[in-house]
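One-letter residues, chain by chain:
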Amino acid sequence: MMDQNIQKRIESSQTHIFKAVFPNTTNHYDTLFGGTALQLMDEASFICATRFSRKKVVTVSTGQIDFTKPIPQGTLVELIARVIKVGTSSCVVQVDIFMENMYEDIREKAVTGVFTFVAIDDEKKPASIID
């Protein structure tokens, strides 16, 4: 059973970011460029891990990233990041990107990925992720 303090931290650190998909973030197919999606996901997961630990954290790995639907220009996206695993000095954050048509009530999951963060001290050595 997970510690109640950790569970509370997980719940309160869940992070939501909304973005509009503009032409400068799309590829030659007029869909969100994969590299831009990864950057947004890394940023959302970093914010989530920082809010969870309140420590300096760095990305140490990404797990599988699944692009299941293209995200067209002119849609809105919501990134939802949440801690799914806690270690001694690390945490794993899952990020889902949902897309919404601006003018219809349609919402679909388009991308899912996993990012691992390690807490570091002032000497950039691994530190306890939570006190």
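Here the structure is shown first, and the text comes after it.
Residues numbered from 1 in each chain as written. Predicted model: local features only at pLDDT ≥ 70, side-chain atom pairs only at ≥ 80, totals over all residues. Heavy atoms only, no water.

> Mind showing me how you'd approach helix 2 (residues 34-53) here?
Given 3.6 residues per turn, any residue in an α-helix points the same way as the ones three and four places further on. Over its 20 residues, helix 2 runs 28 Å from end to end, which matches the ideal 28 Å to within 8%, given 1.5 Å per residue. Among the residues making up helix 2, those that are buried are T36, A37, L40, M41, A44, S45, C48, A49, F52 and S53. Contacts from the buried residues of helix 2 go to helix 1 (4-13), strand 1 (15-20), strand 2 (56-67), strand 3 (75-86), strand 4 (90-101) and strand 5 (107-120). Positive backbone phi, at 55 degrees, marks R54, one or two positions downstream of helix 2. (Helix = DSSP H or I, 4+ residues; strand = E, 2+ residues; numbered from the N terminus. Expected span 1.5 Å × (residues − 1). Buried < 20%, exposed > 50% of the residue type's maximum accessible area, 1.4 Å probe, protein only. Contact = heavy atoms within 4.5 Å.)

> Is there a simple way to explain a nonpolar patch on the surface in this structure?
On the surface, L76, M102 and Y103 cluster together to form a nonpolar patch covering roughly 320 Å² of accessible area. Relative to the assigned elements, L76 resides in strand 3. (Patch = residues over 30% accessible without salt bridge, like charges linked within 9 Å, V, L, I, M, F, W, Y side chains within 5 Å. Areas by Shrake-Rupley, 256 points an atom, 1.4 Å probe, with all protein chains shown as cover. Salt bridge = Lys/Arg side-chain N within 4 Å of Asp/Glu carboxyl O.)

> Help me understand the pairing of strand 5 in this model?
Regular strands place their side chains on alternate faces of the sheet. When you tally the buried positions in strand 5, you get 10 out of 14 residues, the bulk of the element. Two elements, strand 2 and strand 5, share 9 bridges in a ladder whose sense is antiparallel. Bridge pairing in strand 5 places V57 opposite A119. Strand direction decides the pairing type here: strand 4 and strand 5, joined by 11 bridges, are antiparallel. Bridging from a neighbouring strand, V93 pairs with F115 of strand 5. The turn linking strand 4 back onto strand 5 is made up of 5 residues. (Pairing = 2+ DSSP bridges.)

Shape is all these values report; function is a separate question.
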